Amino acid sequence: MTTERTATYDLRDILSRVLVAWPMDERGPYPNFPPTGTDARDAAVLGHIGLHIGKTAGKLQALAEPLAHGKSAIGIDRQEASRQIAYSIVNALRFAGALEIGVTDILGHFAAWEA
């Protein structure tokens, strides 16, 4: 039986899985993007990932919006919330990967928050 504790991944593992599963280079499904290695390509990639970050944020907000009108959190679709949270993590890591921001840089912020 898999528990939350045994189903966790190291952030490095998640980042490497994300970058392999969703490549933003010639292997990816973006044939109309400018050539790799150009500023135009970088802008297109970051803009596209940013769009997906906005979409997942909007979907999470839509799940929570009924709470502002007196609805109970019990009615929130937890499977959909879990899916959108996963997409949010994936998209944030894709953004980091596109900017070549490493795990050490990301984790450095956690240390700063604990100070």
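Scope of this entry: the structure provided in the associated data block.

About the thresholds
Residues numbered from 1 in each chain as written. Predicted model: local features only at pLDDT ≥ 70, side-chain atom pairs only at ≥ 80, totals over all residues. Heavy atoms only, no water. Phe/Tyr/Trp six-rings, centres within 6.5 Å; stacked < 30°, edge-to-face > 60°. Helix = DSSP H or I, 4+ residues; strand = E, 2+ residues; numbered from the N terminus. Salt bridge = Lys/Arg side-chain N within 4 Å of Asp/Glu carboxyl O. Buried < 20%, exposed > 50% of the residue type's maximum accessible area, 1.4 Å probe, protein only. Core = buried A, V, L, I, M, F, W, Y, C linked by side-chain atoms within 4.5 Å. Contact = heavy atoms within 4.5 Å. Patch = residues over 30% accessible without salt bridge, like charges linked within 9 Å, V, L, I, M, F, W, Y side chains within 5 Å. Areas by Shrake-Rupley, 256 points an atom, 1.4 Å probe, with all protein chains shown as cover. Axes fitted to C-alpha atoms, helices over the stretch in contact; angles between N-to-C directions. Parallel < 35°, antiparallel > 145°, perpendicular 65-115°, else oblique. Left-handed = near helix turned anticlockwise from the far one by under 90°.

### Notes on the packing of aromatic side chains
Inspection of the entire model under this criterion finds one aromatic pair. Ring geometry for Phe110 and Trp113: centres 4.9 Å apart, planes at 65°, overall edge-to-face. Placement of both Phe110 and Trp113 in helix H4 (residues 103-114) is noted, with a separation of three residues, approximately one turn of the helix.

### Here's the deal with the pattern of salt bridges
Following the criterion strictly, the structure yields two salt bridges and no others. Two residues, Asp13 and Arg17, come together in a salt bridge whose shortest N-O distance is 2.8 Å. With a gap of four residues between them, Asp13 and Arg17 both fall in helix H1 (residues 11-21), about one helical turn apart. Close ionic contact of Arg83 with Glu80 constitutes a salt bridge, the shortest N to O distance being 2.9 Å. Taken together, the positions of Arg83 and Glu80, both in helix H3 (residues 78-98) and three residues apart, correspond to about one turn of that helix. On the accessibility criterion, Glu80 (22% relative accessible area) is partly exposed.

### Quick look at the nonpolar core
Formed by Leu15, Val18, Val90, Leu93, Ala96, Val103 and Ile106, the largest nonpolar core amounts to seven residues. Of all the secondary-structure elements, those providing two or more residues to this core are H1, H3 and H4. For this core, the element with the most residues is H3, which contributes three residues. Met24, Tyr30, Phe33 and Val45 belong to the second-largest nonpolar core, a separate cluster that totals five residues.

### Concerning the side chain of Gln84
Checked against the element boundaries, Gln84 lands in helix H3. Residue Gln84 is classed as buried on the basis of its relative accessible area, which comes to 2%. The residues contacting Gln84, other than those within four sequence positions of it, are Thr56, Lys59 and Leu60.

### Considerations on a nonpolar patch on the surface
Taken together, the side chains of Leu107, Phe110 and Trp113 make up a nonpolar region of the molecular surface, amounting to roughly 350 Å² of accessible area. When you line up the elements, Leu107 lands in helix H4. The exposure class assigned to Leu107 is partly exposed, which follows from its relative accessible area of 37%.

### Concerning the packing of helix H2 (residues 39-64) against H3
Between H2 and H3, the least distance of the axes is 9 Å, while the angle of their chain directions is 160°. Here H2 lies roughly antiparallel to H3, going by the angle between them. H3 is crossed by H2, and the crossing has left-handed handedness. Contacts between H2 and H3 pair Val45, Leu46, Ile49, Gly50, His52, Ile53, Thr56, Lys59, Leu60 and Leu63 from the former with Glu80, Ala81, Gln84, Ile85, Tyr87, Ser88, Asn91, Ala92, Arg94, Phe95 and Ala98 from the latter.

### Here we look at the side chain of Asn91
Its place among the elements puts Asn91 in helix H3. Under the relative-accessibility criterion, Asn91 is labelled buried at 5%. In this view, Asn91 contacts Ile49, His52, Ile53 and Thr56; residues no more than four positions away in its chain are not counted.

So, to be careful, I would describe these as geometric facts and stop short of saying anything about function.
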